[in-house]
Every structure is written in structure tokens, then in C-alpha cells.
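For reference, the chains in residue letters:
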Amino acid sequence: KAGVTQTPRYLIKTRGQQVTLSCSPISGHRSVSWYQQTPGQGLQFLFEYFSETQRNKGNFPGRFSGRQFSNSRSEMNVSTLELGDSALYLCASSLGLAGVAQYFGPGTRLTVT
Amino acid sequence: QKEVEQNSGPLSVPEGAIASLNCTYSDRGSQSFFWYRQYSGKSPELIMSIYSNGDKEDGRFTAQLNKASQYVSLLIRDSQPSDSATYLCAVIPPNAGNNRKLIWGLGTSLAVNP
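Residues numbered from 1 in each chain as written. Chains lettered and ligands numbered in written order. Predicted model: local features only at pLDDT ≥ 70, side-chain atom pairs only at ≥ 80, totals over all residues. Heavy atoms only, no water.

K.L.:
Would you take a moment to explain the overall build of chain A for this structure?
P.N.:
A tally of regular secondary structure across chain A gives zero helices and 11 strands. Listed N to C, the secondary structure of chain A is β-β-β-β-β-β-β-β-β-β-β in terms of helices and strands. Whereas a compact globule of 113 residues would reach a radius of gyration of roughly 13 Å, chain A reaches 13 Å, a difference of no more than 12%. Projected onto its principal axes, the C-alpha coordinates of chain A cover approximately 35 × 30 × 25 Å. For chain A, the proportion of its 113 residues judged to be buried stands at 53%. When the accessible surface of chain A is totalled, it reaches about 5100 Å², and 49% of it is carbon and sulfur. Each charge class in chain A was averaged separately, 11 positive and 5 negative side chains, and the resulting centres sit 4 Å apart. (Helix = DSSP H or I, 4+ residues; strand = E, 2+ residues; numbered from the N terminus. Rg over C-alpha atoms; globule rule 2.2 N^0.38 Å. Buried < 20%, exposed > 50% of the residue type's maximum accessible area, 1.4 Å probe, protein only. Areas by Shrake-Rupley, 256 points an atom, 1.4 Å probe, with all protein chains shown as cover. Lys, Arg positive; Asp, Glu negative; His and termini not counted. Charge placed at Lys NZ, Arg CZ, Asp CG, Glu CD.)

What follows is the structure, encoded as C-alpha cells:
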């Protein structure tokens, strides 16, 4: 069974731009969670989607948004990029809502200059 | 107090030794516990999950859960240089219903020296 895929793998953007990241979960998984990871900060939870509905949200500004499609694929969008948004963005899928094991994709490395 | 705490390390062990990684959590009643391994520059990879008190073994890995003392540990037997990575502990807090989400520790860096 194919794992979680994320595109693109690397991105370089400038301040003020916006970016959209994509995640395809493991086949049959209906939950997709997004995380931001920076050195020293660990995994910071952004949001979780299940059946096209946002079920959980972390403490990030409204510039960070997401959505999930009927095929469980998910996208996250960051508008008005700031230097501090430079990070590894990870998507994780699971069979159900968080409470079961999550399986991570390879991540998207975003650099904001 | 952080909800999930891990010693940041680095924990350094010689090849062939047992590496012991510990994680404490604050929410009594937490039910689900996970250990992930993350190599530098890579994404976290699930190693083990544990839900009941006691030990759970999978190959060279053993997870130990003690809910009364609110800690979960990961033992790696016969440590290999390829085990050098950051190990993340994640916990599901109790009573959150459909809003349950994994609470993550910051990870322990493990270095296995040949």
C-alpha cells in the first residue's frame, strides 16, 4: 500500500507571497493532520481534517488554512508568508480521528526569504 | 508544566548496549501512547504503540507503560549506529472526544557509537 505523499517536497518563497501544499493520505485513511516542525519547537499541530471537515485546530494565525476533498486528499495554504514560516510541513494520515496511530509523509520544506 | 516531557539528550550509548528512552505525561487517564523515530531531515516514523500497562515487545524494541506513575519508556536492545535518531513520544489525552489530538514531546536525541 502506498504511503502518504506530499507535494512539493521543497519550496522557496518570498515574504508576502502565499503557498499551497498538498497531501495524499494512505488509501482508506480518512483523517489528515498537518504539522509544522522547526528546530527547537518540535511538532506543532496545525489542524486535522476528517470527512472534509476540520475537526481540530492548533494555535496558529488565520493565515494558515486548509481543506480536505472528498477523496481525502488535503491541502494547506499559508497566505502573506513571513520569515518565521520557514519550516518543515508534515502531513499525517490515520484511519480515524486522532487517537489512533498517524503515518507521516516525507514533508514539504518551505523556505521564506 | 509541559504535557509530554522528554529529556532532550543527547543520549549516547555504545553499539550493542541497551538504550533507554523515557517520557512522562501530565494528563492522568491518557489512554494511547506512541513512539516515533525521526532521522535528521526526515519525517517521523511510527515504531510502536502501547495502550495497556506493562511491556510490549517488537523485535529489538520494547515499550513499557506505567499509568500510575504516568510514564512510558522505550528500550532498544542491541543498539546499532542506524538507531541514531530523535525519538518522539506522543500521547492522547483523556476526555477529549472527537477533539482528541496527539500531544507530542520534543524528542530525545540518541547517538549510538560504533
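Additional details are given in the paragraphs that follow.
K.L.:
Even after reading the chapter, I still don't get the state of the cysteines, so can you show me in this structure?
P.N.:
Covalent bonding between the sulfur atoms of two cysteines is what defines a disulfide. Residue and element names in this part refer to chain B. Counted under the stated rule, the structure contains two disulfides over all chains. Disulfide pairing is shown between Cys23 and Cys89; the S-S distance is 2.0 Å. On the sign convention where negative means left-handed, the S-S torsion of about -70° between Cys23 and Cys89 marks this disulfide as left-handed. On the criterion of sequence distance, the pair formed by Cys23 in strand S3 (residues 19-25) and Cys89 in strand S9 (residues 85-92) is long-range, its members being 66 residues apart. Accessibility assignment for this pair places Cys23 and Cys89 in one class, buried. (Disulfide = S-S within 2.5 Å.)

K.L.:
What's the story with the interface of chain A and chain B in this structure? I'm lost.
P.N.:
Accessible area lost during the coming together of the parts is what is often quoted as the interface size. Contact with chain A, which involves 23 residues of that partner, is made by 17 residues of chain B. Carbon and sulfur atoms make up 54% of the area that chain A and chain B hide from each other, which totals about 1600 Å². Across the contact surface, chain A and chain B share zero salt bridges. Counting the contacts that link chain A with chain B gives four residue pairs in polar contact (both at pLDDT 80 or more). Considering every element that reaches the side of chain A that touches chain B, the biggest residue donor is strand S5 (residues 42-50) of chain A, with four residues. Taken together, the residues that form the side of chain A that touches chain B break down as 12 nonpolar, eight polar and three charged. (Contact = heavy atoms within 4.5 Å. Buried area = accessible area lost by both parts, 1.4 Å probe. Salt bridge = Lys/Arg side-chain N within 4 Å of Asp/Glu carboxyl O. Polar contact = N/O pair within 3.5 Å; in protein donor to acceptor, adjacent residues only side chain to side chain. Nonpolar A, V, L, I, M, F, W, Y, C, P; charged D, E, K, R; others polar.)

K.L.:
Would you take a moment to explain the side chain of Thr108 of chain B for this structure?
P.N.:
Residues and elements named next belong to chain B. Position of Thr108 relative to the elements: it lies in strand S11 (residues 108-113). Of note is the side chain of Thr108, whose polar atom sits 2.4 Å from the backbone oxygen of Asn7. With near-sequence residues (within four places) excluded, Thr108 lies in contact with Gln6, Asn7, Ser8, Leu11, Leu21, Ala85, Thr86 and Tyr87.

K.L.:
Could you clarify how one ought to interpret the pairing of strand S5 (residues 45-50) of chain B in this entry?
P.N.:
The side chains of a regular strand alternate between both faces of the sheet. Residues and elements named next belong to chain B. Of the strand pairs in this sheet, strand S4 (residues 32-38) and S5 are connected by five bridges, and their pairing is antiparallel. Counterpart to Phe34 in the pairing with S5 is Ser49. Between the end of S4 and the start of S5, which pair antiparallel, lie six residues, with Gly41 showing a positive phi angle near 80°. (Pairing = 2+ DSSP bridges.)

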